[in-house]
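Examining the three-dimensional arrangement
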Amino acid sequence: MDEKHDFQSFIKQKEPQDMIPPFPNFKPVALEDKEAIDAYLRLHPPLCSEFTFTNLFAWAPSYGFQISGFGDGFLILRNTDKEQSFLQPLVHRQAREAVLACLDFLKIRVKRPVIERVGEDFIEHALSDRAGLDIREDRDNFDYVYDIQELIALKGNKFHDKRNHLNNFIKRFRYNYIPITSSLIIQCMEFAHEWCNDRECEKDDGLIKEECATYRMLRYFDELGVKGGAIEMEGRICALTMGERLNPDTLVIHIEKAKAGIQGLYQAINWEFLRHEAWDLKFVNREQDLGIPGLRRAKRSYNPVRMIKKYKIFAR
């Protein structure tokens, strides 16, 4: 699809049951929307980790993501029993109009309308005119971006601890790295279930949502076209990760899990996956820390080369 094809011309090629309705109507994000969303993202590659079809689809049951057509792209509504908000509009030519439409839509539905996970690239491109808008940094959702070759080589003092953990793991354990294929999906699901049981996911709403997203990525692994890798020890999966290309030079990691109590296992799955599946890309986006102190320390410890800033937009 070239840039002259707007949303309306695209949906005319689709069957009625597959069509994304025009704003202000919405439908749940579903597998049949992949072609349309991927086509937009190829034209306008994102910086923020949220904006792949896989992410929107995998988290849709937890956050009630719904989609609507607007201009040359889409609006994504987060719609649950507790709250309504929008994600950054996936709109290029009428971006400011899309922002105002989102806020107006929410005004009669919530006390304080907000658009979340708005990337710095969108702010720069779309909102030179900020009249009537209150734009605030959302530090807890900044993405961490790393140099892939640095994470493969692990050279120098700044990677001393990571390199030691990895080397000790390689010396102590016999393991196999296996690319995830459809034949491995059931074993990966079983491991994800064990991982959740070990961490008592049922007591943490965030982990419950993550478990749902993980199962959804695995269930539709082939349809989504993601890459995955697993580490096998003594015939059992003990670590897995999944990701995909976010933009021309960046991989985004959606899921990374490793069995507790095995020192160096997280370093090993990260290292093996990058050197097997992402050696031809420059950067890896490992998503946000959500303001969780331990997660922030862990992400900082890998020495990011850049943070992708995100914002919230309110009406003044």
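Thresholds applied
Residues numbered from 1 in each chain as written. Predicted model: local features only at pLDDT ≥ 70, side-chain atom pairs only at ≥ 80, totals over all residues. Heavy atoms only, no water. Phe/Tyr/Trp six-rings, centres within 6.5 Å; stacked < 30°, edge-to-face > 60°. Buried < 20%, exposed > 50% of the residue type's maximum accessible area, 1.4 Å probe, protein only. Lys NZ or Arg CZ within 6 Å of the ring centre and 35° of its normal. Axes fitted to C-alpha atoms, helices over the stretch in contact; angles between N-to-C directions. Helix = DSSP H or I, 4+ residues; strand = E, 2+ residues; numbered from the N terminus. Parallel < 35°, antiparallel > 145°, perpendicular 65-115°, else oblique. Contact = heavy atoms within 4.5 Å. Nonpolar A, V, L, I, M, F, W, Y, C, P; charged D, E, K, R; others polar. Pairing = 2+ DSSP bridges.

Moving on to the packing of aromatic side chains. In total, this model carries 14 aromatic pairs according to the counting rule given. Both rings, one in F23 and one in F26, keep their centres 6.1 Å apart while their planes meet at 85°; by these two values the pair is edge-to-face. We classify F23 as partly exposed; its relative accessible area is 24%. Judged by its relative accessible area of 18%, F26 falls in the buried class. Above the face of the F105 ring, R109 is positioned so that its terminal group lies 3.7 Å from the ring centre.

When two helices pack together, you describe them by how their axes are tilted relative to each other and by the distance separating the axes. The contact between helix α8 (residues 185–198) and helix α9 (residues 205–219) brings their axes to 10 Å, and the two run at 175°. As the angle between them shows, α8 and α9 are arranged roughly antiparallel. Every residue of α9 that contacts α8 at I185, C188, M189, A192, H193, W195 and C196 is listed here: L207, E210, E211, T214, Y215, L218 and R219. Residues that form the contact of α8 with α9 fall into these classes: 9 nonpolar, 2 polar and 3 charged.

The strand order β8-β9-β10-β11-β12-β7-β13 describes an open sheet built from 7 strands, whose pairing is mixed. Among the strands making up the open sheet, the edge pair consists of β8 (176–179) and β13 (306–308). Across the sheet, the mean angle separating the axes of adjacent strands is 30° when strand polarity is ignored. Across 7 bridges, the pairing between strand β9 (residues 227–233) and strand β10 (residues 236–247) is antiparallel. Each bridged residue has a counterpart across the sheet, and for M233 the counterpart in β10 is R236. The sheet contacts of helix α11 (residues 265–277) involve β8, β9, β10, β11 (250–258) and β12 (283–285), and relative to β9 the element is tilted by about 135°.

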